[in-house]
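Survey of secondary and tertiary structure
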Amino acid sequence: MASFLDYYALSFNPFDKQCLKEKDGFMSSDFRQMTSRLDYLKTVRGIGVFTARPGMGKTFGLRCFAKSLVPNKDHMEYICLSTVSVAEFYRELCEILGVSLRGGKPGRFKAIQEQIEYLYREKRQPLILAVDEAQFLNTAILNDIRMIMNYGYDSLNCFTLILCGESHLNNTLRKPVHEALRQRITVHYDFAGLSDAEVPEYVRHKISVAGGAPSIITEAAMASVNSLSQGNPRIIDNIMTDALTIGAQMERSVIDPDVILSAVNNQNLG
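Residues numbered from 1 in each chain as written. Predicted model: local features only at pLDDT ≥ 70, side-chain atom pairs only at ≥ 80, totals over all residues. Heavy atoms only, no water.

**Observations concerning the nonpolar core**
Counting residues in each nonpolar core, the largest one holds 37 residues, and the members touching the most others are Ile112, Ile116, Leu137, Phe159, Leu161 and Leu163. Looking at this core, the elements with two or more residues in it are strand E1 (47–52), helix H4 (86–97), helix H5 (104–121), strand E3 (127–132), helix H6 (139–148), strand E4 (160–166) and helix H7 (169–173). Contact partners of phenylalanine 159, with chain neighbours within four places excluded, come to Arg45, Gly46, Ile116, Leu127, Leu129, Ile148, Met149 and Tyr151. Grouped together as the second largest cluster of nonpolar side chains are 28 residues, Ile239, Met240, Ile246 and Ile255 included. (Core = buried A, V, L, I, M, F, W, Y, C linked by side-chain atoms within 4.5 Å. Buried < 20%, exposed > 50% of the residue type's maximum accessible area, 1.4 Å probe, protein only. Helix = DSSP H or I, 4+ residues; strand = E, 2+ residues; numbered from the N terminus. Contact = heavy atoms within 4.5 Å.)

Following this line, the structure appears as structure tokens:
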């Protein structure tokens, strides 16, 4: 049997994030809100916090922002936290900035600050540091981040820090121990998810980007996707990938609610 790509005349799986180019992203309200805040943050420098449930598109938003930067003007680095100790955090930060790992924590701290200041004052390319999965940052690391940002008796912002994480990062930042860090936060946005009106627009947009006809899915099926996904793009992508696969296997020229239900049952989402 032909793949669902052939069956539905798609050039690629539009619901596979690996196939999606930044320029083809869906301009949801969350995406626009994040982008506008990142653009502002790049100008003023400081701390931006972006939180959401898993699968809401935070990392894709970062990808698009990074793609929009001017190479000779902006210097962005990205860390996705798979480690949580202070020593490992310093090691990763030193490596991405290209500074020496010698001197223990005091030496690394000084080298990091000097390199950041060099990028700001000499190269005129202020660092934009994005830390993904920031909900794993512990108190010690958050305290050190605050100290790293202290320049000129706390009178100067030399770089931009972007913290992206799951919603419980907000609970961490509300703790009294992080009051000083919280006061430094310039912008803060918590993703709302795709609205009821955006879900069908999102699905149609993705199908169109892959060369397919939006009519391959019925309005009733779209309503089912909306109610089952709770506006979460990753869940929509998973449902739709299974629905296209099952629809082709069942030789359904149009994805209807029955196909969506089969996809949901296949993923044990019901």
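**As for the pairing of E1**
If a strand is regular, its side chains alternate between the two faces of the sheet. In terms of residue burial, E1 counts as a mostly covered element, since six of its six residues are buried. In E1, alternate side chains face the same way, and those of Ile47, Val49 and Thr51 on one face and Gly48, Phe50 and Ala52 on the other are all buried. Pairing between E1 and E4: six bridges, direction parallel. For isoleucine 47, the partnering residue across the bridge sits in E4 and is leucine 161. In this structure, E1 lies alongside strand E5 (residues 185–190), joined through five bridges in parallel fashion. (Pairing = 2+ DSSP bridges.)

**Things to note about unusual backbone geometry**
We note that alanine 9 has phi near 55 degrees; this positive angle belongs to a residue other than glycine. Mapped onto the secondary structure, alanine 9 falls in the loop between helix H1 (4–7) and helix H2 (29–44). On the basis of relative accessibility, which here comes to 53%, the residue alanine 9 falls in the exposed class. One non-glycine residue, glutamate 251, lies in the positive phi region at around 55 degrees. When you line up the elements, glutamate 251 lands in the loop between helix H11 (233–249) and helix H12 (257–266).

**Structural notes on the environment of cysteine 80**
Note that cysteine 80 resides in strand E2 (residues 75–80). Along the chain, cysteine 80 and arginine 37 lie 43 residues apart, while their C-alpha atoms are 20 Å from each other. Contact partners of cysteine 80, with chain neighbours within four places excluded, come to Glu92, Asp132 and Glu133.

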